[in-house]
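# Residue-level structure breakdown
Residue-level listing of the chains:
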Amino acid sequence: MTASGVIDRAGLDELIAALRNGGYTTIGPTIREGAIVYNEISGTSDLPVGWTDQQAPGGYRLEHLGDGRMFGYVVGPQSWKRFLYPQRNVIWSGVVTADGWETVTPPEPPTYAFIGVRGCELAAIAVQDRVFLAAGDRAADPSYAARREGAFIVAVNCADPGANCFCTSMGTGPVAGPGHDLVLTETVTDDGVVLLAESGSARGDALLASLAAMRPAEIADRERAAETMAAAQATVPHSMDTTDIHDLLLGNLEHPHWEAVAARCLGCANCTMVCPTCFCGTVTDELELDGGGARRVRSWDSCFTLEFSYIHGGSIRQAGSARYRQWLTHKLASWFDQFGTSGCVGCGRCITWCPVGIDLTAEVAAIRASDLRPAVPVAADGTEVNL
Amino acid sequence: MALLAEPRTALLDPMEPVPFRVRGIRDELEDTFTLELEPPNGRFEFAPGQYTMLYSFGIGEVPISVSGDASRPSRLVQTIRGVGAVTRALRNVRPGDVVGVRGPFGTPWPVDGATGRDIVFVAGGIGLAPLRPAIYRVLERRDHYGQVVVLYGARSPRELLFAEELQDWGGRFDVTVLVTVDNADRAWYGSVGVVTKLVPRAPYEPQNASAFVCGPEIMMRFAGQELESRGVAPEQIFVSMERNMKCGVGFCGHCQFATKLVCRDGPVFPFSEVARLLTVREV
Ligand SMILES: Cc1cc2nc3c(=O)[nH]c(=O)nc-3n(C[C@H](O)[C@H](O)[C@H](O)COP(=O)(O)OP(=O)(O)OC[C@H]3O[C@@H](n4cnc5c(N)ncnc54)[C@H](O)[C@@H]3O)c2cc1C
Ligand code: SF4
Ligand code: SF4
Ligand code: FES
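Residues numbered from 1 in each chain as written. Chains lettered and ligands numbered in written order. Predicted model: local features only at pLDDT ≥ 70, side-chain atom pairs only at ≥ 80, totals over all residues. Heavy atoms only, no water.

### Examining the site of ligand 3
Taken together, 13 residues lie around ligand 3, and Cys 265, Leu 266, Cys 268, Cys 271 and Cys 354 of chain A are the ones closest in. A per-class count over the shell around ligand 3 returns eleven nonpolar, two polar and no charged. (Near = heavy atom within 4 Å. Nonpolar A, V, L, I, M, F, W, Y, C, P; charged D, E, K, R; others polar.)

Quick look at the structure:
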């Protein structure tokens, strides 16, 4: 699993074609309505070549650089979640039979190849894997597992982290971690844009070996890639202090700052829709008009809505402050208890796509600055008591 | 090129409702009824306190606790209060119809781990239904326990669930049943007031008691506090939490309760784990 080589834009076209010939539906970044979003691509001409994105809290704008780079931007409003866990998806259907009803076998989903998966996004997929794939005695969600199992992942190292990216704080980027079949590092040379391609799996090896347009990677190629990524690593602009974050947040459930955030938050749920790890969904039931069949449709849901926590008698989380607190404490704290990992990978989407520019890292900092927890209790023998 | 993924593994779908046939419907109260369902393979094994997701074809799916006897697995028995779309649709089934079942899910009432101890059941309203399998289990092995106490509160005498069984249990020399109602009518001779008031009146030894509490959240909070103040260890008090549930298996996120997912970490929790959270608003 050490195959590597250097390709140019034509080489990437060959790579995409090879995946398509291998039966994959190839998905990659494209420009739609002023944003970079993931869609089916058939070659590099579909990519946002020469474009970059400018991000700010509550702000997003594309800019044309014309530098010929194919991956010179970061993440947009969508994530790969859209494909692995579709926004709306029939998870069960049944037909009426002579003595009741029975399950209809669902159609097979496509086999995807994702091209241009960033480090934070690889981490986000790994986070959702922990929710939806089998673990211990827990069964997998077959709809997610079917899409995830065969997916081929071409990762890209981020040479230009965005203004809201804090992947270094979360340990997820800008260099892509494990979990890919292939990782690309894009650099600009005198001969134009080149990609150092390194395999991460047997399938990645096979794909690289098949490329006619690939030349071996020389030491200079590796050095240039390493320098680019060292520079990127040093310039990730945003950050979040995660020290003791689990106990900090769960120990401050009654902090007045939740009210202060709620006063700004519109409760629009954008943050949860753009987040690549948010997995909450609801199920709605549909009965065919003639009554002969029924479907159960799963769609993304958000803890920011009132209905989300509805039980007979009223919603549990009525106040905006309770809903923001639910979101943030889940992302950054209780996710550890439930799934053994942080629920945040530092992609910055929720900051960029919040209409009022609420920045979770600033909210955490505000709570940290006025931590209301009592001083750590000490037991008689002098050790700290773990509450 | 060996590029294509291996054929997909066929998975058991935890979201697939299994058709169970309705064998009996019994009206318990004006708005509450019990369904007796026949498992397709003849057996439905569960532990007291567990619940299923019950599906009414084309209408929806809701979490409902098993209310039957675990030693009789040939029938799945569930007691339901009709409060909305799905629970009312379930009342309209007829014998021979089919409803969907997933489960059983969730943590049980740990009555088997409480042998040798005094047992206190505290139920409010429909909360007696999820406790009934635990009561059956304890009575079936009555000699394994010390005192056995059932404390039950309902809104009015007309809303006493399982009234005949309460009488039968109360008629036994080895069980104490105390019942209270919020609003009495003229024919009512029993206690009036919230069920928490019965906690100090029942005969049990707090230091050696395990308590199992099910009812509205506010009632469980006060009952738990009252039991604790009588000297029952918070680790020996168990409550069954209720949250919105869309899946029962940890996929949908609807049952969030701070660090817990009620569907799989609960619904039954030791009071020691939730007592503080119950005092925080809107968790
Ligand atoms: C673990 C558990 C065990 C339960 N056991 C029983 C039982 O044994 N008997 C019984 O009568 N009721 C029980 N309930 C409550 C029962 O699930 C709700 O009354 C039922 O979901 C209401 O659905 P509806 O469509 O009829 O009402 P609507 O008010 O129309 O509800 C709409 C939707 O909201 C959700 N919802 C509403 N109320 C609740 C609620 N209380 N809990 C969870 N989701 C809710 C459901 O997804 C429902 O489909 C239990 C709940 C939980 C969580
Ligand atoms: S919480 Fe925000 S920064 Fe963290 S993963 Fe979700 S969208 Fe990205
Ligand atoms: S934090 Fe921002 S994006 Fe999220 S719900 Fe509030 S206003 Fe919407
Ligand atoms: S009910 Fe879906 S996660 Fe608990």
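### Remarks on the sheet that holds strand 4 (residues 60-65) of chain B
Residues and elements named next belong to chain B. An order of 4-3-6-1-2-5 is seen for the six strands of this open sheet, with the pairing classed as antiparallel. A strand with exactly one partner marks an edge of an open sheet, and here the two such strands are strand 4 and strand 5 (76-81). Taking each pair of neighbouring strands and ignoring which way they run, the sheet shows an average axis angle of 40°. Bridging between strand 3 (residues 51-56) and strand 4 involves six bridges; their strand directions are antiparallel. Each bridged residue has a counterpart across the sheet, and for Thr 52 the counterpart in strand 4 is Ile 64. (Pairing = 2+ DSSP bridges. Helix = DSSP H or I, 4+ residues; strand = E, 2+ residues; numbered from the N terminus. Axes fitted to C-alpha atoms, helices over the stretch in contact; angles between N-to-C directions.)

### Regarding unusual backbone geometry
The amide bond that connects Gly 103 of chain B to the next residue, Pro 104 of chain B, takes the cis arrangement and shows omega of 10°. Locating Pro 104 of chain B in the fold gives a position in strand 6 (residues 98-105). In this model, Gly 266 of chain B is joined to Pro 267 of chain B through a cis peptide bond whose omega is 10°. Within the element layout of this structure, Pro 267 of chain B appears in the loop between helix 5 (262-265) and strand 15 (268-270). Although it is not a glycine, Asp 244 of chain A adopts a positive phi angle of roughly 55°. Positioned with a positive phi, Ala 269 of chain A is a non-glycine residue whose angle comes to about 75°. Among the structural elements, Ala 269 of chain A can be located in the loop between helix 9 (257-264) and helix 10 (270-274).

### A few points about the site of ligand 1
Around ligand 1 sit 22 residues, and of these His 312 of chain A together with Pro 63, Arg 81, Thr 87 and Glu 242 of chain B come closest. Near ligand 1, the surrounding residues belong to chains A and B. With respect to ligand 1, the backbone of Thr 79 of chain B contributes an N or O atom lying 2.9 Å from a nitrogen atom. Between Thr 87 of chain B and ligand 1, the recorded distance is 2.5 Å, taken from a side-chain N or O atom to an oxygen atom. With the chains in place, 88% of the 820 Å² that ligand 1 exposes on its own is no longer accessible. With four residues, the top contributor of residues to the shell around ligand 1 is strand 4 of chain B. (Polar contact = N/O pair within 3.5 Å; in protein donor to acceptor, adjacent residues only side chain to side chain. Areas by Shrake-Rupley, 256 points an atom, 1.4 Å probe, with all protein chains shown as cover.)

### Description of the interface of chain B and chain A
Tallying the contact residues gives 50 residues for chain B and 69 residues for chain A. Of the roughly 4,800 Å² buried between chain B and chain A on both sides combined, carbon and sulfur atoms contribute 57%. Connecting chain B to chain A are two salt bridges. In this structure, Arg 21 of chain B engages Asp 99 of chain A in a salt bridge whose closest nitrogen and oxygen atoms are separated by 3.2 Å. Our count for the chain B to chain A interface comes out at 18 residue pairs in polar contact (both at pLDDT 80 or more). Class assignment of the residues belonging to the side of chain B that touches chain A gives a composition of 25 nonpolar, eleven polar and 14 charged. (Contact = heavy atoms within 4.5 Å. Buried area = accessible area lost by both parts, 1.4 Å probe. Salt bridge = Lys/Arg side-chain N within 4 Å of Asp/Glu carboxyl O.)

### Overview of the packing of helix 11 (residues 320-339) of chain A against helix 13 (residues 360-369) of chain A
Helix-helix packing is described using two parameters, namely the angle between the two axes and the distance between the axes. Residue and element names in this part refer to chain A. Taken N-terminus to C-terminus, the directions of helix 11 and helix 13 make an angle of 95°; their axes are 12 Å apart at the nearest point. When the axis of helix 11 is compared with that of helix 13, the two are roughly perpendicular. Contact with helix 11, carried on its side by Tyr 324, Trp 327, Leu 328 and Leu 332, involves Leu 360, Glu 363 and Val 364 of helix 13 and no other residues of that element. The residue makeup of the contact of helix 11 with helix 13, split by class, is six nonpolar, no polar and one charged. (Parallel < 35°, antiparallel > 145°, perpendicular 65-115°, else oblique.)

### What to know about the side chain of Ser 321 of chain A
Topologically, Ser 321 of chain A is positioned in helix 11. When neighbours within four sequence positions are excluded, Ser 321 of chain A is seen to be in contact with Trp 258, Glu 259 and Ala 262 of chain A.

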